[in-house]
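A look at the structure
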Amino acid sequence: MSPATVSRVLSGRRNVDPELSEKVRAAVAELGYRPNGVARNLRRASTNLWAVVISDIENPFFTSLVRGLEDVAQTEGYHVVLCNSDEDPAKEAAYASAVLTEQMAGVVISPTSTAEGVQQLDEAKTPMVLIDRRVEGVEADTVLVDNEHGAFEGVNHLIEGGYRRIACITGPRRVSTAMDRLAGYRAALRAGGIRFSKDLVRHADFREAGGFAAMESLLDLPEPPEALFVTNNLMTVGALECLAKRGLRAPDDIAVVGFDDIPWADLVVPSLTTVAQPTYELGRTAGLLLKDRIASPGRPPSTVTLRTELHIRATSAPKK
């Protein structure tokens, strides 16, 4: 039996006699043989690894997203390496360097505010898909949701419920999702004939602590808001924690709508109204785009925008 035949069997190729293939697999199992990945990668100039660089591993938004990506990767013969940038540009850049050093086949990345790692990968022409956020000046395959429309629907729902003084807690100014959702908030106010007030907007860090601090600041206004729109799930949790600490309750004291569904949104009392993203589909679509990019490096970049869905629950009940 030649080395070439063994190689074809271990590579999963089908042009080998089934009986011969079975003998090779039996011998491999008996000897406990594992292919030398380093040697294989020297020949192929890349590994069978995809890196997925997410901005916050504690955010449940990414759980289903990574699952969708992994399902595609497994089908296509790739393995996924999970990296957490922690919203830190330096960590993102370090992971980008590791991707290049280890010759990973491709990357799916949720960029930090400065996107240093994205710039590195773009300059190296690494197959890459951006998820959740755009990066100015980088032309790459991108998967987004319609953030502005989703925010518009959430805020418009509050307006239809009779609320007028509606606050918004959004993310950093340099992050596209934060600004898109803020734009949707402003568009809903405009459509409802409500004047925009910058006093009712807080920019935080997409974390629980940021949501808590922003909520405290809004409640300390001479005239606090009667309703609140929060642009991600962790800041929504922080805002709700702040309300509980102040002895306040949604929707009796302030109505609340959050962007991103939360696994327990239906279970808490009162249940939480959310703008849900198709997170699994985001990951799956990113995986398909990365697969196509690796197969056809020269094709023009494409952007896929998925729809959100408003889940109306108790925290946004109409104003009494």
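Residues numbered from 1 in each chain as written. Predicted model: local features only at pLDDT ≥ 70, side-chain atom pairs only at ≥ 80, totals over all residues. Heavy atoms only, no water.

Per an unreviewed UniProt entry, the chain goes by the name LacI family DNA-binding transcriptional regulator and belongs to Kribbella sancticallisti.

To continue, consider the packing of aromatic side chains. If you walk through the whole model with that rule in mind, you get four aromatic pairs. Between Phe61 and Phe62 the ring centres are 4.9 Å apart and the planes differ by 75°, which places this aromatic pair in the edge-to-face class. In this structure Phe61 comes out as buried when scored by relative accessible area, which is 6%. Judged by its relative accessible area of 4%, Phe62 falls in the buried class. Each ring, one from Tyr185 and one from Phe196, has its centre 6.4 Å from the other, and the planes form 75°; the classification is edge-to-face. Note that Tyr185 is positioned in helix H8 (residues 176-191) and Phe196 in the loop between H8 and strand E7 (201-203), a separation of eleven residues in sequence. Overall, the relative accessible area of 27% leaves Phe196 in the partly exposed class. Its end group placed over the ring of Phe259, Arg181 keeps NZ or CZ at 3.8 Å from the ring centre. Positioned above the aromatic ring of Phe196 is the side chain of Arg186, whose terminal nitrogen or guanidinium carbon lies 3.7 Å from the ring centre. (Phe/Tyr/Trp six-rings, centres within 6.5 Å; stacked < 30°, edge-to-face > 60°. Buried < 20%, exposed > 50% of the residue type's maximum accessible area, 1.4 Å probe, protein only. Helix = DSSP H or I, 4+ residues; strand = E, 2+ residues; numbered from the N terminus. Lys NZ or Arg CZ within 6 Å of the ring centre and 35° of its normal.)

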